[in-house]
Amino acid sequence: NAGVTQTPKFRILKIGQSMTLQCTQDMNHNYMYWYRQDPGMGLKLIYYSVGAGITDKGEVPNGYNVSRSTTEDFPLRLELAAPSQTSVYFCASSYGTGITDTQYFGPGTRLTVL
Amino acid sequence: GQQVMQIPQYQHVQEGEDFTTYCNSSTTLSNIQWYKQRPGGHPVFLIQLVKSGEVKKQKRLTFQFGEAKKNSSLHITATQTTDVGTYFCAGRGGTSYGKLTFGQGTILTVHP
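Note that this is a predicted model, so its numbers are computed, not measured. (Residues numbered from 1 in each chain as written. Chains lettered and ligands numbered in written order. Predicted model: local features only at pLDDT ≥ 70, side-chain atom pairs only at ≥ 80, totals over all residues. Heavy atoms only, no water.)

Structural notes on the environment of Val84 of chain B
Residues and elements named next belong to chain B.
1) Next: Tracing the backbone shows Val84 in the loop between strand 8 (71-76) and strand 9 (85-92).
2) Next: Its relative accessible area of 22% is what places Val84 among the partly exposed residues.
3) Next: Sequence-distant contacts of Val84, defined by excluding residues within four places in its chain, comprise Lys36, Pro39, Leu108, Thr109 and Val110. (Helix = DSSP H or I, 4+ residues; strand = E, 2+ residues; numbered from the N terminus. Buried < 20%, exposed > 50% of the residue type's maximum accessible area, 1.4 Å probe, protein only. Contact = heavy atoms within 4.5 Å.)

Structure below.
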């Protein structure tokens, strides 16, 4: 099992450009999440999905979009990149909402917007 | 909305000293989880606590969940250089549908 994989690992964007961050998990997890982590800060939830075809906003969704066409993939789309979106982005997955459910994180994508 | 506060933000210790980080929630939690993130790495699950007053140990790490299920702590005895990293608590509320609210994390530095 590869677990949760993310691509790319690093990316530099110019203001106004768009890009898609890829996330794939091979654990057959129902739930997937996108977080951003700013320096010295915790993890802020951007979007999450409870299954294929179902997504919902998290704490900081503005400027992002997601889709979940398959159980395995949960791409995050940045439209019109802004410097405020410079951050480390983590994708995570979990089996379900059980009280003992834990999240497995990918290695992250380090994004800089100049 | 639910808020999870974690203190201290930074902690520098000499190798062999003890370390504690505290986590407080604005609401009662159904459970709390702890994650460790090594420098340049991603968060990795350590443990979760479910019961009021629960205490769990992992070698030199001791985790506690408060009686009111609104606070938690992680204590490391006799720190080692391998303990460096950021420790996050993450709480799940009663109706959060699987979502976790993360604390800001405590960055631990261990000086040899």
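Regarding the interface of chain A and chain B
1) Next: Taken together, the 22 residues of chain A in the interface contact 22 residues of chain B.
2) Next: Counting each side, the surface lost to burial between chain A and chain B is near 1700 Å², with a carbon and sulfur contribution of 57%.
3) Next: Put simply, chain A and chain B have zero salt bridges between them.
4) Next: If you look at where chain A meets chain B, you find six residue pairs in polar contact (both at pLDDT 80 or more).
5) Next: Of all the secondary-structure elements, those providing two or more residues to the side of chain A that touches chain B are strand 4 (31-37) and strand 5 (43-51) of chain A. (Buried area = accessible area lost by both parts, 1.4 Å probe. Salt bridge = Lys/Arg side-chain N within 4 Å of Asp/Glu carboxyl O. Polar contact = N/O pair within 3.5 Å; in protein donor to acceptor, adjacent residues only side chain to side chain.)

Some words on the layout of surface pockets
1) Next: Within this model, the second largest pocket holds a volume of roughly 320 Å³.
2) Next: Together, 22 residues line the second largest pocket, and Gln37 and Gly40 of chain A together with Gln37, Thr86 and Ile107 of chain B are the ones closest to its centre.
3) Next: Listing elements by their share of the lining of the second largest pocket, those giving two or more residues are strand 9 (87-94) of chain A together with strand 9 and strand 11 (106-111) of chain B.
4) Next: Grouping the amino acids of the lining of the second largest pocket by side-chain chemistry returns eight nonpolar, 11 polar and three charged. (1 Å grid on protein atoms, 1.4 Å probe; cavity = no way out; pocket = protein on both sides within 12 Å on 5 of 7 lines; lining within 4 Å. Points joined across faces, edges and corners; volume = space filled by probe spheres on them. Nonpolar A, V, L, I, M, F, W, Y, C, P; charged D, E, K, R; others polar.)

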